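Take a look at the letters that make up each chain.
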Amino acid sequence: MRLVSFWGKGGVGKTTCSASLAAGLSEDGMDVLLLTTDPTPTLSDVLDFPLGSEPSKVNGFRGLWAAELSESAVIEMWKERFGGEVYEVASSFLPVERDFIDYVARAPGIADQFMLYLLHEFWRKGGYDIIVWDTPASSGSVRLLRIEEEFYSHMNDAIRMYLKLKGFLERISRGRRDPLALIEEWRSIARGIMDMLSSDSHHLILVAIPEKISYLLTLRMRDELEGMGIKVRALVVNRLLRDCKCDKLNRMAEIHARVLEEFKASFNHVRVIENIDYEPVGREGLLRFYDYLRELV
Ligand SMILES: Nc1ncnc2c1ncn2[C@@H]1O[C@H](COP(=O)(O)OP(=O)(O)O)[C@@H](O)[C@H]1O
Ligand SMILES: [Mg+2]
């Protein structure tokens, strides 16, 4: 199964591109799962259909399912999936009560981290031809991947430490599950997520607008992502102005043309989308916008 993700700072068009691509591919006959991990999602508004944290079939589109993984729902799901395990491991060498789970669940990064886990679960289970992932604004998403990497290396430390304490832990955790086995399992989950993101079936697309600051930010994001072994497949330069009737906009259009050349010199696959004069929302607007995104993946 393929995964397509859109990255870039807030307001550049990630949600519009994600929803439009997902809508277009579903009209072309694919079964598409569209997910947003934006903590303040706008996907329901763009699709004009109410979404929850479980995928639901979106009315009016052929094969489109979508979900908004909201932070609070995700924290509850985390407690269900990992809360008990974290308690088991921690309580095997710390004097903690069960409310420790709530404490950990609210720790910074847990929800972000778990969203990646949920995404990976959808990917692993299959059932769709393609998953389209609308990511939150840039810095947050990159930080979230770093957390994933750090988590992974902390697990190595935890295991080394565990081996030192193994004899002791075996005496006190008799009859319970082996904490080492749980830590090993978390480690393989973290690795699975990084493998998914750096695999050939992940098609990562950066979205930017044709202005200098966006250009510089986008270069930085590419470096950060590629530094983590995640390749950027294409760049969308969105909201380009050209041939405007008014002088003021024409001066903007000149700037856009110049910055677009810089983008083209720095990226291999550049897709240009004009500043449009309709709202890219609902079935009609999204499918119209899809003309700009055909054959992008
Ligand atoms: N090519 C375009 N021309 C005009 N408006 C656009 C274009 N692409 C997106 N927009 C508008 O820009 C705003 C921000 O887009 P959005 O997709 O929500 O960005 P992001 O998800 O990156 O924050 C929305 O109101 C959207 O309708
Ligand atoms: Mg958005």
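Bear in mind the structure is a predicted one, so any value in this text is a computation, not a measurement. (Residues numbered from 1 in each chain as written. Chains lettered and ligands numbered in written order. Predicted model: local features only at pLDDT ≥ 70, side-chain atom pairs only at ≥ 80, totals over all residues.)

Visitor: Please set out the overall build of the chain residue by residue, giving values where relevant.
Guide: From N to C terminus, the chain includes ten helices and eight strands. Split into buried and exposed, the 297 residues of the chain put 33% on the buried side. Within the chain, residue pairs in contact and separated by at least 24 positions form 73% of the contacts whose partners lie at least 6 positions apart. (Helix = DSSP H or I, 4+ residues; strand = E, 2+ residues; numbered from the N terminus. Buried ≥ 20, exposed ≤ 12 C-beta atoms within 10 Å, placed from the backbone. Contact = placed C-beta atoms within 7 Å.)

Visitor: Any chance you could break down the site of ligand 1 for me, citing the residues and the numbers?
Guide: For ligand 1, the set of nearby residues contains 15 residues, the closest of which are G13, K14, T15, T16 and I276. Those elements that place two or more of their residues in the shell around ligand 1 are α1 (14–27) and β7 (232–240). Top element by residues in the shell around ligand 1 is α1. It accounts for three residues. For the shell around ligand 1, the per-class residue count stands at four nonpolar, nine polar and two charged. (Near = placed C-beta within 6 Å. Nonpolar A, V, L, I, M, F, W, Y, C, P; charged D, E, K, R; others polar.)

Visitor: Outline the pairing of strand β8 (residues 270–274), listing residues and values.
Guide: Sheet analysis places β7 next to β8, joined by four bridges and oriented parallel. Bridged to V236 within β8 is R271. (Pairing = 2+ DSSP bridges.)

Visitor: Outline the packing of α1 against helix α10 (residues 282–289), listing residues and values.
Guide: Taken N-terminus to C-terminus, the directions of α1 and α10 make an angle of 90°; their axes are 8 Å apart at the nearest point. For the element pair α1 / α10, the angle class is roughly perpendicular. Within the contact between the two elements, α1 uses T16, A19, S20, A23, G24 and E27 and α10 uses L286, L287 and F289. Class assignment of the residues belonging to the contact of α1 with α10 gives a composition of five nonpolar, three polar and one charged. (Axes fitted to C-alpha atoms, helices over the stretch in contact; angles between N-to-C directions. Parallel < 35°, antiparallel > 145°, perpendicular 65-115°, else oblique.)

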